[in-house]
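Summary of the model geometry
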Amino acid sequence: MHLAYPAVLAVLLFCVGLYGVLARRNAILVLMSVELMLNAVNLNLVAFDVWLRDALHAGQALTLFTIAIAAAEIGIGLAIVLAVYRNRGTSAVDDLRDTAELPDDGGDGDGGTDSEGAAADEPDEPGKPDGPAAGKASQKAEATA
Amino acid sequence: MTLAAAGHGTLAAAAPQGFLSPTGVEIAFVLVGLVTLGAAVVTVTTRQLVHAALWLVVALGGLAVEYLLLTAEFIAWVQVLIYVGSVVVLLLFGLMLTRAPIGRSPDADSGNRPVALAVALAAAGALVWVVADAFRTQWIDLDKPQGTTDVTGSILFRHWVLPFEALSVLLLAALVGAIVLSRRNAARSDRDGAPGGRTGAGDSDKEQR
Amino acid sequence: MTTTTLAVLVPLLPFLGAVAGLLLGRRVPGLARPLAVLPALTSLALAAIVAVRQGGDAAVDAATQLTPTGSVPIDLALHIDGFAALVAVLVGVVASCVQIYSTAYLRDDPRYPSYAALVSLFTSAMLLVVYSGDLMVLLVGWEIMGICSYFLVGHYWETPEARAASLKAFLVTKLGDVPFLIGLFALAVDADSFRITRILATVAQGGLDHPTLIALLLLAGVAGKSAQFPLHTWLPDAMAGPTPVSALIHAATMVAAGVYFIARLLPVFAASAAALVVLAVMAAVTMAGSALAALAQDDIKRVLAYSTIGQLGYMTGALAVGDRGAAVFHLLSHGAFKALLFLAAGVIIHAAGTNSLAAMSRMKDLRARVPDAYWTMTVALLALAAIPPFSGFFSKEAVLGAAEHTATGHAESAPETAGWIVLVAGLVTALLTAAYAARLWLLAFHGRGPEAPDHGRQPVAMTAVLWVLAVPSLAFGVTVGVLPDWFDGHKLAPTLTTSVLGTGFALVGALVTYGAWRHTTALAARVPIGAVAAHPDADAGQVEAEAIATHAPAYGDVASAPDPADPGRLLLGPLHRHAAVGFHLDALYAALFVRPVQAGARLVRFLDREVVDTYVRGAGTAPRWLGAAVRRAQTGNVQTYLSALLAGTVVLAVAAVLVATAGA
């Protein structure tokens, strides 16, 4: 069998997974796409292992490891997605934009940006105004304990 | 299946090495590959989330067949067991727990789609070009099977036993991590009445205490 | 101990006292006074022992080299001849008196510890200059004196006058020090050594290549330090400092350093007739001009300051005619009576509550309030006016005698022109000196009007010092027969011609002033004028600071007062207006140097603010716009970031493949 067949198939699968990772909105769909990419790599590993006739079967052993790691990854990933969903009520990737500057910052303000950002951050989390205070209190409790 | 793979392998070995006169194994490989690829494309494009998971099953199963065609039977069975059997089930659980909408959801794709398409196509073009250019003359000899369960097992527990053990530790760590991540709101997930695999593990963890 | 060890200890002790005073003075206030006074007294005693052991014999020379210093070696060298030994004793005496006087004068001053430490450092630097046998080491002391004078003149830095005066003193002396330094280097290169002995030996063999140039460069530094025309302008303004500091600067240190330096290196100057003539002209202009200016000053300390400039002119005049014995003789006697004059003036200012002669001339019985100051100041003023038999008479006659000696062509080194210039200017100045001394005495002690305020007895530390200094002012002249043994051997005793001429001129000046005073004093009652400081119970330093600060607001000028009862006004006539401001030299310098520099500074500021900063701001603006643009890309969407990352990866991978295949 031509080596090009599995190799090209792996490349195409990988790019499909890449597209999914970049285009999908739901975090679980993103995880599925990641699985596709991992599987593309696995196919490559197996194909090259067979082609090279490796005495140690390194490609296949690595494929097994990858599968196991993929299982672990999917478990952790789902746990994270669930935690995010519980805290935020959404699993859409592009809704998680806390690292961005707020759009009303303008963009040419110098010096005032920080204070504006800080001022805008406060109404962003109206639900838990006692968060830091409670954290401090618990730290104090730990310290006294 | 091993026999079948071996038979295909002998066929392939006897055939001349050209793209215009494919062997039976190659034809099978290409056909299954097309199915796999199509399933993968549907997985990343469908608007129905559960369907995406199901099409993923098809794609992963197709890959298992490809492994078989490449005489790596153990990998194929592991693929079926772990991916089709557990990973997809986990994903479905995840979809349910995040209350994914049943049916067509209008916002399955983000606004990043054109960019994603461009990047994916560019990557595909570049990689296909490179791979095809590099390996178009290479030939896989499938005469004797490379990945029987017997050989794979002995190699795995003889040469790769240390990484194998390390991997088990990693899996344990992942397990603990998943438990910790899920436990933070254990009470709330109990109230939701939808305990997943990891919450179950969390419960067993509680029982052990 | 050997003489060398003792001589090393003489400058070292005040230095250690200064260091200890700076370190401990603030923390242990009780130690500040002993740390100030004891090192000065000890080093006075040691200097006296050194002087006795040296005894005017061959010079004591000792040198040690700490480390190789390149082509021209710098040694820690001592060179103690008769001049050095005697000047060191004078420095010790004056410094000790000033330190003792200061303990009472600045009794309540919170900055006394640092003040006393700086005075000690000042003394130490002067002693270093006096004893040093190496020009570089001498320069170290020279510059330390400059910086100490900056700090001490600016002691009352709360007042703008003191700040301006300290800056002026520093800058003007530095202005002279730059050519001085260049001159030292030129001298060292010609003589191949910084050692004074070696340089003098080179000069004796005629080894100097550029004697005139070197002498003129060195003269610039000397003019700055010794307040000679045209760099004398800092000295009158330096009166903004405390009176003891003025006494120290004017009597024994700083200004004396310049004269002493020329005296040490006189052969270098004598190698160039042109330099001597320049020196003579400088001395003549200085002494005549400063005497005229002194006649117009209202501030008692400024009168004394101008008189110092004039007396220094005598010394440089003596040097110009090649007689350093006479110069140092006058330096010694002047040091004693000028210190006395300043310290007594401090007492008077304290008692009168003002530094204005116009105000004092409207006080009755000021002399009864401060009898010690009255009597000692009378002695000192007689010495200043060179009335026999006071010390000033002998030293000034020595100068005039030397000038006459040269003018009549008997001197081997100095040109006759210099002799005539110095002789004529000296005689004129003798007249003027007597005139302003008499004016000072009459205005300060013979005022009419309301009773002087009673501030009680002056502290003993202040009055006792006056009597100590009165002894040499009165009787230093008796050493005139012994001194030539210490010096070059020139006869210093007064000659008949110059004695008669000088004393005659002095008497004429004093009598004319008396007449004028009799004529004008009636006006004093009609024109009330004067201001008295507000802190009668404060220590003298505070009273003086107050008086200096209020002089300009009260009289319109820091130097003069619009007093029609001033005999100086009658004597000088139309000249008075110009003499009061030092013949407009300050205004001239302001127009010539200060304003161009300020204009240049404004130009530089404009260039910096408007031109250079524009580029800087432009360089900042472009990245800011760029940043604003890039910031828009930071959407927070992970997928966007990842897309960009992967797109970049693809581009890089393709580029790498292309490069690899092209290279293959």
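Residues numbered from 1 in each chain as written. Chains lettered and ligands numbered in written order. Predicted model: local features only at pLDDT ≥ 70, side-chain atom pairs only at ≥ 80, totals over all residues.

The name an unreviewed UniProt entry assigns to chain C is NADH dehydrogenase, from the organism Streptomyces lasiicapitis.

Chain B is annotated in an unreviewed UniProt entry as NADH-quinone oxidoreductase subunit J of Streptomyces lasiicapitis. According to the UniProt record, the Catalytic activity (unreviewed entry) comment for chain B reads "a quinone + NADH + 5 H(+)(in) = a quinol + NAD(+) + 4 H(+)(out)". Checking UniProt for chain B, the heading Sequence similarities (unreviewed entry) contains the comment "Belongs to the complex I subunit 6 family." (UniProt positions renumbered as here; feature names shortened; annotations may be inferred.)

Attention now moves to the overall build of chain B. Per the secondary structure count, chain B includes nine helices and zero strands. Split into buried and exposed, the 209 residues of chain B put 35% on the buried side. Sequence separation of at least 24 residues holds for 59% of the intrachain contacts in chain B that already meet a minimum separation of 6. (Helix = DSSP H or I, 4+ residues; strand = E, 2+ residues; numbered from the N terminus. Buried ≥ 20, exposed ≤ 12 C-beta atoms within 10 Å, placed from the backbone. Contact = placed C-beta atoms within 7 Å.)

Counting its secondary structure elements, chain C contains 28 helices and two strands. For chain C, with 664 residues in total, the buried portion stands at 57%. For chain C, restricting intrachain contacts to residue pairs at least 6 apart in sequence, the fraction spanning at least 24 positions comes to 81%.

With that settled, the discussion passes to helix 2 (residues 24-45) of chain B. In an α-helix, one full turn covers 3.6 residues, which means residues spaced three or four apart are oriented alike. Residue and element names in this part refer to chain B. Given a rise of 1.5 Å per residue, 22 residues ought to cover 32 Å, and the 31 Å separating the end C-alpha atoms of helix 2 matches this to within 8%. Val25, Glu26, Phe29, Gly33, Thr36, Ala39, Ala40, Thr43 and Val44 are the residues of helix 2 that are buried. The arc that holds the buried residues of helix 2, viewed along the axis, is 155 degrees, so those residues lie on one side. Residues Gly24, Ile27 and Leu31 are exposed on helix 2 and point more than 90 degrees away from its buried face. (Expected span 1.5 Å × (residues − 1). Arc of directions from axis to C-beta.)

Another aspect to go through is unusual backbone geometry. Residue and element names in this part refer to chain C. With phi around 55 degrees, Ala227 is a residue other than glycine that occupies positive phi space. Within the secondary structure layout, Ala227 lies in the loop between helix 8 (211-225) and helix 9 (234-237). At Ala386, a position not held by glycine, the phi torsion is positive, near 65 degrees. Take Ala386: it is sitting in the loop between helix 18 (371-384) and helix 19 (391-407).

Glancing now at the interface of chain A and chain B. Quite often, the size of an interface is put as the accessible area lost when its parts meet. Taken together, the 63 residues of chain A in the interface contact 82 residues of chain B. At the level of secondary structure, the elements contributing two or more residues to the side of chain A that touches chain B comprise helix 1 (4-23), helix 2 (27-52) and helix 3 (58-88) of chain A. At 21 residues, helix 3 of chain A tops the list of elements feeding residues into the side of chain A that touches chain B. Of the residues in the side of chain A that touches chain B, the class split is 46 nonpolar, 10 polar and seven charged. (Nonpolar A, V, L, I, M, F, W, Y, C, P; charged D, E, K, R; others polar.)

We now examine the pairing of strand 2 (residues 76-80) of chain C. Residues and elements named next belong to chain C. Burial of strand 2 is extensive: four of the five residues sit out of reach of the surface. Pairing of strand 1 (residues 60-64) with strand 2, which is carried by five bridges, proceeds in the antiparallel orientation. Directly across from Ala63, in strand 2, lies its bridge partner Ala77. (Pairing = 2+ DSSP bridges.)

Before going further, it helps to examine the nonpolar core. Looking at soluble globular proteins, one finds that nonpolar side chains tend to be buried together. Core analysis: the largest hydrophobic core is formed by 236 residues, its most contacted members being Ala88, Val94 and Leu343 of chain C. With 20 residues, the single largest contributor to this core is helix 15 (residues 324-352) of chain C. If we skip the residues at most four places from it in the chain, Ala88 of chain C touches Val10, Ala47, Val50, Ala51, Leu127, Val130 and Tyr131 of chain C. With 90 residues, the next largest nonpolar core counts Tyr19 and Leu78 of chain A together with Leu68 and Val88 of chain B among its residues. (Core = buried A, V, L, I, M, F, W, Y, C linked by C-beta atoms within 7 Å.)

With that settled, consider the confidence of the model for chain B. Residue and element names in this part refer to chain B. Across chain B, the average pLDDT comes to 79, with 79% of residues at or above 70. No element of chain B has a lower mean pLDDT than helix 9 (residues 197-208), which averages 39, and none a higher one than helix 2, which averages 92. Long-range and interchain partners of residues 1-16, a stretch whose pLDDT sits below 50, account for 33 contacts in this model, where long-range means more than four residues apart. Here residues 193-209 is a poorly scored stretch, pLDDT under 50, and it has 25 contacts once near neighbours within four places are set aside; other chains count. (pLDDT = per-residue confidence, 0-100.)

With that out of the way, let us pick up the interface of chain C and chain A. Between chain C and chain A, the contact holds 13 residues from the first and 13 residues from the second. Contributions of two or more residues to the side of chain C that touches chain A are made by helix 27 (585-633) and helix 28 (638-663) of chain C. Sorting elements by how many residues they give to the side of chain C that touches chain A places helix 28 of chain C first, with five residues. Its residues assigned to classes, the side of chain C that touches chain A shows four nonpolar, six polar and three charged.

Geometrically, a packed helix pair is captured by the angle between its two axes and the distance between the axes. Residues and elements named next belong to chain C. Viewed as axis vectors pointing N to C, helix 18 and helix 20 (residues 416-445) meet at an angle of 165 degrees, and their least axial separation amounts to 9 Å. Comparing their axes, helix 20 and helix 18 come out roughly antiparallel. The interaxial crossing formed by helix 18 with helix 20 has left-handed handedness. Here Tyr374, Thr378, Leu381 and Leu384 of helix 18 lie close against helix 20, whose contacting residues are Thr433, Ala437, Leu440, Trp441 and Phe445. Here the contact of helix 18 with helix 20 is composed, by residue class, of seven nonpolar, two polar and no charged. (Axes fitted to C-alpha atoms, helices over the stretch in contact; angles between N-to-C directions. Parallel < 35°, antiparallel > 145°, perpendicular 65-115°, else oblique. Left-handed = near helix turned anticlockwise from the far one by under 90°.)

All right, on to the environment of Ser643 of chain C then. Residue placement: Ser643 of chain C occurs in helix 28. The buried category is assigned to Ser643 of chain C, around which 22 C-beta atoms lie within 10 Å. Not counting residues up to four positions away in its chain, the partners in contact with Ser643 of chain C are Leu22 of chain A together with Asn112, Val115, Ala116 and Val119 of chain B.

All names here are of chain C. Between its terminal C-alpha atoms helix 1 (residues 3-24) stretches 31 Å, which fits the 32 Å expected from 22 residues at 1.5 Å a residue. Along helix 1, the sharpest change in direction is near 30 degrees and occurs at Val10; proline Pro11 comes one to four residues later. Residues of helix 1 that are buried include every one of Ala7, Val10, Pro11, Leu13, Pro14, Gly17, Ala18 and Gly21, and no others. The inward-facing, buried residues of helix 1 contact helix 2 (29-54), strand 1, strand 2, helix 3 (82-105) and helix 4 (112-131). (Bend = angle between axes of the 7 residues up to and from the residue.)

Okay, the confidence of the model for chain C next. Mean pLDDT over chain C: 82, with 94% of residues reaching 70 or higher. We note a pTM of 0.64 for the whole complex and an ipTM of 0.77 for its interfaces.

With that settled, the discussion passes to the environment of Ile182 of chain C. Residue and element names in this part refer to chain C. Take Ile182: it is sitting in helix 6 (residues 160-191). Given 16 C-beta atoms within 10 Å, Ile182 falls into the partly exposed group. Considering only alpha carbons, one finds Ile182 and Ile214, 32 residues apart in sequence, at a separation of 8.4 Å.

On to the packing of helix 5 (residues 135-153) of chain C against helix 6 of chain C, then. Residues and elements named next belong to chain C. Orientation of helix 5 relative to helix 6, taken along the N-to-C sense of each, is 170 degrees, at an axis distance of 8 Å. The angle between helix 5 and helix 6 places the two elements in the roughly antiparallel class. Residues Leu135, Leu139, Gly146, Ser149, Tyr150 and Val153 of helix 5 form the contact with helix 6, whose own contacting residues are Ala162, Ala165, Ser166, Ala169, Phe170, Thr173, Lys174, Asp177, Leu184 and Ala188.

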